[in-house]
Amino acid sequence: MARYIYNKETCAYERYELKGKALRNRIYAILGFSLTIAFGAYITFLNYSKPLDLLEVERNNANLRTAWFHLNFRLGETEQKLKAFIEEDDQNYRVILDAAPLSPIERQAGVGGAIRKTKALEEHALISSTFDRALRLNNRLMVQNESFDELQKLLDKKLRQWASRPAIQPIDNRDVLHLHTTFGMRLNPVLKIWTLHKGLDFTAPTGTPIYATGDGVVQDAYHSDSFGNVVFIDHGFDFETRYAHMVKFIVARGEKIKRGQVIGYVGNTGRSAGEHLHYEVLYKGTQINPINFFQRDLSNKEYKKLLEFAKTENSSLDY
Ligand SMILES: [Zn+2]
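Residues numbered from 1 in each chain as written. Predicted model: local features only at pLDDT ≥ 70, side-chain atom pairs only at ≥ 80, totals over all residues. Heavy atoms only, no water.

**Here's the deal with the packing of aromatic side chains**
Then step 1. Applying the stated criterion across every chain yields a total of 8 aromatic pairs.
Then step 2. Residues Tyr222 and Phe232 carry aromatic rings whose centres are separated by 6.0 Å and whose planes lie at 70° to one another, so their mutual orientation is edge-to-face. Remark: Phe232 occurs in strand 9 (residues 228–236) and Tyr222 occurs in strand 8 (residues 216–224); sequence separation between them is 10 residues.
Then step 3. Classification of Phe232 as buried rests on a relative accessible area of 12%. (Phe/Tyr/Trp six-rings, centres within 6.5 Å; stacked < 30°, edge-to-face > 60°. Helix = DSSP H or I, 4+ residues; strand = E, 2+ residues; numbered from the N terminus. Buried < 20%, exposed > 50% of the residue type's maximum accessible area, 1.4 Å probe, protein only.)

Below, the structure written as structure tokens:
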């Protein structure tokens, strides 16, 4: 290998040759440098080519494991929430609504499901077990969802039943001057004979509002010789109420009625010995004592006093 260098003393370019050891050293140096570059390139290649894929796979694996851990944690949380729902369902809602608790077999209904695992899933125990866990949870949630649907229907029915039940007094306590609480045998005030009295008599001034005691439909509203102006309400669920001797009624047959709605006013029509409301409650077509439905309107002390009064009172105002 030859090259030319500038000689300052002769002011001319002179041929210069690399020979022997110096040349070898130079070749070794270049070779060494080249090997270093190649090794560097190889390392770079290892790091950023095929090893890059491996690193990525490892990173992905780590991310998947983290995701799997979070997924299992979330599944655990959801299982705990579902367990609380099931306990609430069985121990509270079903007790209140008179529904039998679901058996463990019913609670597990459908486990296994229609979803089939792929071969790949079956080969990975970790994923397979999580898959099973999620499937079990899903099935139990579906059963719980159906249970809530059933309870919602029961609740709607109960609410209608509770709203329909004749559960209040037909006249405000503040308007009642006297309550003839006799239900059963009583002395007829005009005929002076013992007859069966099938309701309660509330003495109140003529014109005092009379309230429907539960939701229902007006079965009849008319004038009769005995009851005077009278309203019959059908509450469904085997309950009926009757309101007699009104000065006038303000509802008509077939009209839908809400509890607490004014249906007429106290009077002295029909076979009545004074201004009062004769009130009856019927269950399955038979009169029952309305006093048993008034507790909601009274304090315990007032109710106890009323019951005591009912034992001694044996008169009424209708005949
Ligand atoms: Zn009466």
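On we go.
**Description of the nonpolar core**
Then step 1. Ranked by internal contacts, the top residues of the largest apolar core, which has 25 residues, are Ile171, Phe202, Ile210, Val231, Tyr243, Ile263 and Leu277.
Then step 2. Looking at this core, the elements with two or more residues in it are strand 6 (200–203), strand 8, strand 9, strand 10 (239–249), strand 12 (262–266) and strand 13 (276–283).
Then step 3. Apart from residues lying up to four places away in sequence, Ile171 is in contact with Val176, Phe202, Ala204, Thr208, Pro209, Ile210, Tyr211, Val266 and Leu277. (Core = buried A, V, L, I, M, F, W, Y, C linked by side-chain atoms within 4.5 Å. Contact = heavy atoms within 4.5 Å.)

**Some points on the confidence of the model for the protein**
Then step 1. Taken as a whole, the protein shows an average pLDDT of 81; of its residues, 71% reach a score of 70 or greater.
Then step 2. Averaged pLDDT values over the elements of the protein bottom out at 58 in helix 1 (residues 20–48) and peak at 98 in strand 12. (pLDDT = per-residue confidence, 0-100.)

**Considerations on the pairing of strand 10**
Then step 1. For strand 10, a buried count of 8 out of 11 residues is recorded, marking the element as mostly surrounded by other parts of the structure.
Then step 2. Taken together, the 6 bridges between strand 9 and strand 10 define a ladder with antiparallel strand orientation. Across the sheet, residue Phe232 finds its bridge partner in strand 10, namely Arg242.
Then step 3. Counted along the chain from strand 9 to the antiparallel partner strand 10, the turn is 2 residues long, and its residue Phe237 has a positive phi close to 50°.
Then step 4. In the sheet, strand 10 pairs with strand 13 via 6 bridges, with the strands oriented antiparallel. (Pairing = 2+ DSSP bridges.)

**Structural notes on the pairing of strand 13**
Then step 1. Within strand 13, 7 of the 8 residues are buried, which leaves it mostly tucked inside the rest of the structure.
Then step 2. Both strand 13 and strand 14 (residues 286–288) contribute to a ladder of 3 bridges, which runs antiparallel. Looking at the pairing, Leu282 lines up with Gln287 of strand 14.
Then step 3. Between strand 13 and the antiparallel strand that follows it, strand 14, lie 2 residues; Lys284 among them carries a positive phi value of about 55°.

**Quick word on unusual backbone geometry**
Then step 1. In this structure, His245 is a non-glycine residue whose phi angle is positive, near 70°.
Then step 2. Relative to the helices and strands, His245 is located in strand 10.
Then step 3. One non-glycine residue, Lys284, lies in positive phi territory at about 55°.
Then step 4. When you line up the elements, Lys284 lands in the loop between strand 13 and strand 14.
Then step 5. The exposure class assigned to Lys284 is exposed, which follows from its relative accessible area of 57%.

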